Amino acid sequence: MVRDITLGQFMPGTSVIHRLQARTKIILLIALIVFIFLCKNFISLLLITLFSLLTILMTRISFFKYLKSLRVILFIIIITGLFNLFYGSGVILWQWWQLTITLGGVYNALFVIVRIALLMMVSAVLTYTTSPTDLTDALERLMKPLTVFHVKVHEIAMMMTIALRFIPVLLEETDKIMNAQKARGADMESGGIIKRVKALIPVLIPLFVSSFRRASDLAMAMECRCYNGGKGRTKMKVSHFKLNDLFAAIISVTVFAGVIVCNILFPAVI
Amino acid sequence: MKDFIKIENLYFQYESSEENENRSYALSGVDLTINKGEFVAIVGHNGCGKSTLAKHLNSIYLPTTGDVTVNGINTKDDDRIFEIRKTVGLVLQNPDNQIVAGIVEEDVAFGCENIGVEQKEIRKRVDNALKAVDMYDYRLHSPDKLSGGQKQRIAIAGIIAMEPECIVLDEPTAMLDPQGRDEVMNTILRLNKEMGITIILITHFMEEAVLAGRVIVMDSGKVLLDGTPKKVFSQVELMKKHRLSVPQATELIYRLRNCGYELPDCVLDEEECVQALEKLLK
């Protein structure tokens, strides 16, 4: 049961987006998110939406999967949409008691919904098309400059790697412990929420103890293999920026420039 | 080379709370010399100090008194600790807990990356190590999809990639099914014969110890017996006195001999046993 949880959301593939460097994808994603929020009128919003949808299409992953990523935050989208609808100024369209809907409110709501939806979907592009290992590796390299400020970049990346490695191991263990407790008559499926949470305690305690044991074993195994932090460490796989990364960057920068131009040329609506 | 690993008068006490004042020594006076290229099996029942001894060989533990030297380097020498760990690799019991990365080949590369091997060289070593343990086809897999025997072979590959002169295996087959045990034992034998790597195998399976060139029996932190499998397992009486078993074939022949049948002195495996019985029954 617990085993069915898929780790991360990586979907292997060979599309143009899959083949981009993880670092390129991260940087462009951050820039894209910034520009999604910089849009001030419908033309620029349309431009960035088309660009995002084009990127999504290029991943060759069914659009349905992206819509599924929206399901989790559907509630947030509706709530923020509603709040924005009633908050705004301009021509009054509808009024009842304290509630007023203005043209500005409608625009606000529309913008915020599109922005959050796009934000979710373009982030999914990164997690769907990049393997967790590549992602950790890219983060380590992107954060490298932070070592100047004594941020332990290598250690953080190492922790992420180990966490990713041990999630399935611990899930399996949880399953085993749950079965062992059920065999002794533990009841985990009935009762209210408080009773169920309480029923989890005899699962969590052995899990914790065994994780510590595992950690101590792993530390010893790492020591046996001469682990000494990031100092003097080399890498087997070093990825380099290629021509396709440059193309992706040029296209994105063009679109971003287009957004700025549209913002200047056309009147802002929010 | 003679005297590859030298253990002199080794005593070791676990650091524990002050409550138990007269705690006993986990190792009390071990003297051993292990030569290059040897295949040594260390046997003994639980708590006899065999795992503790294994962890002394690459300075995970340091002697309370006495010395352990590897290739002439004392394990207490803090500056050369990585030199020792590069020479003597240690494989632990639980394969799950010693795999660091989420992809097989990246895990094998981990040790090499730590000691700063050049990128191209790592690739070559990782491929060779994976071929040596017969896991090359699985190089891009995730370790959690593999069987216990396969995972243990990955762990061994991770050590081989560092090109050690000696591999210490601390009960590598204890958590494996019979098939996984065979896979691991075959790999170990191959490494010893084909690559000339010194193997020190800690085990409590006597059937595995028989495959070694030399067997060391430990009991209460001391070396009880040391010699060829034939020499060690012929002393069935002594082994029994210390609550140790001998291989089943050896035991059978020993009992039949006690019943007055004329059988050879010491038999180590099933094949020899069958031959001896065949001769008797003819």
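Residues numbered from 1 in each chain as written. Chains lettered and ligands numbered in written order. Predicted model: local features only at pLDDT ≥ 70, side-chain atom pairs only at ≥ 80, totals over all residues. Heavy atoms only, no water.

Moving on: the overall build of chain B. Check the secondary structure of chain B and you find 11 helices and 10 strands. Relative to the 2.2 N^0.38 estimate, which gives 19 Å for 282 residues, the radius of gyration of chain B is 20 Å and therefore close to what a compact globule would have. Expressed as lengths along the three principal axes of its C-alpha atoms, the size of chain B is roughly 65 × 50 × 40 Å. Looking at chain B as a whole, 55% of its 282 residues are labelled buried. The contacts in chain B between residues at least 6 apart in sequence include a share of 63% that link residues at least 24 apart. Carbon and sulfur atoms form 46% of the exposed surface of chain B, whose accessible area is close to 13000 Å². The averaged location of the 45 negative side-chain charges in chain B is 3 Å from the averaged location of its 33 positive side-chain charges. (Helix = DSSP H or I, 4+ residues; strand = E, 2+ residues; numbered from the N terminus. Rg over C-alpha atoms; globule rule 2.2 N^0.38 Å. Buried < 20%, exposed > 50% of the residue type's maximum accessible area, 1.4 Å probe, protein only. Contact = heavy atoms within 4.5 Å. Areas by Shrake-Rupley, 256 points an atom, 1.4 Å probe, with all protein chains shown as cover. Lys, Arg positive; Asp, Glu negative; His and termini not counted. Charge placed at Lys NZ, Arg CZ, Asp CG, Glu CD.)

Next up on the list: the overall build of chain A. When you go through chain A residue by residue, the secondary structure sums to 10 helices and two strands. Start at the N end of chain A and walk to the C end: the helices and strands fall as α-α-α-α-α-β-β-α-α-α-α-α. For a compact globule of 270 residues, the expected C-alpha radius of gyration is about 18 Å, and chain A comes in at 24 Å, more than 25% above that figure. Taken along its principal axes, the extent of the C-alpha atoms in chain A is 65 × 55 × 40 Å. The buried share of chain A, reckoned over its 270 residues, is 37%. Long-range contacts, defined here as pairs at least 24 residues apart, represent 74% of the contacts in chain A between residues at least 6 apart. When the accessible area of chain A is evaluated, it comes to approximately 16200 Å², of which 73% is carbon and sulfur surface. If the 28 positive side-chain charges of chain A are averaged to one point and the 13 negative ones to another, these points end up 6 Å apart.

With that settled, consider the side chain of Glu105 of chain B. As for its position among the elements, Glu105 of chain B is in helix H3 (residues 104-114). Apart from the residues within four sequence positions on either side, Glu105 of chain B is in contact with Met236 and Lys237 of chain A together with Arg123, Val126, Leu130, Arg139 and Leu140 of chain B.

So, about the interface of chain B and chain A. Counting residues at the interface gives 40 residues for chain B and 27 residues for chain A. Buried surface at the junction of chain B and chain A, both sides included, amounts to about 3100 Å², of which 55% is carbon and sulfur. At the boundary of chain B with chain A, the tally comes to seven salt bridges. Of the charged contacts in the structure, one is a salt bridge between Arg165 of chain A and Asp96 of chain B, with a shortest N-O distance of 3.5 Å. Where chain B meets chain A, there are 16 residue pairs in polar contact (both at pLDDT 80 or more). Counting residues per element, the ones that place at least two in the side of chain B that touches chain A are helix H2 (81-87), H3, helix H4 (119-132) and helix H5 (148-160) of chain B. Here the element with the most residues in the side of chain B that touches chain A is H3 of chain B; it accounts for 10 residues. (Buried area = accessible area lost by both parts, 1.4 Å probe. Salt bridge = Lys/Arg side-chain N within 4 Å of Asp/Glu carboxyl O. Polar contact = N/O pair within 3.5 Å; in protein donor to acceptor, adjacent residues only side chain to side chain.)

In this section: helix H8 (residues 153-183) of chain A. All names here are of chain A. End to end, H8 covers 44 Å across 31 residues, agreeing with the expected 45 Å (1.5 Å per residue, within 8%). At Phe166, H8 is bent by approximately 35°, the largest bend along its length, and proline Pro168 sits one to four residues beyond. Positive phi shows up at Gly185, right after H8, with a value of about 95°. (Expected span 1.5 Å × (residues − 1). Bend = angle between axes of the 7 residues up to and from the residue.)

Residue and element names in this part refer to chain B. With antiparallel pairing, four strands are arranged side by side in an open sheet as E2-E1-E4-E5. The outermost strands of the open sheet, each flanked by one partner alone, are strand E2 (27-34) and strand E5 (73-74). Where strand E4 (residues 65-70) meets E5, two bridges bridge the pair, whose relative direction is antiparallel. By the bridge assignment for E5, Thr69 is matched with Asn74. (Pairing = 2+ DSSP bridges.)

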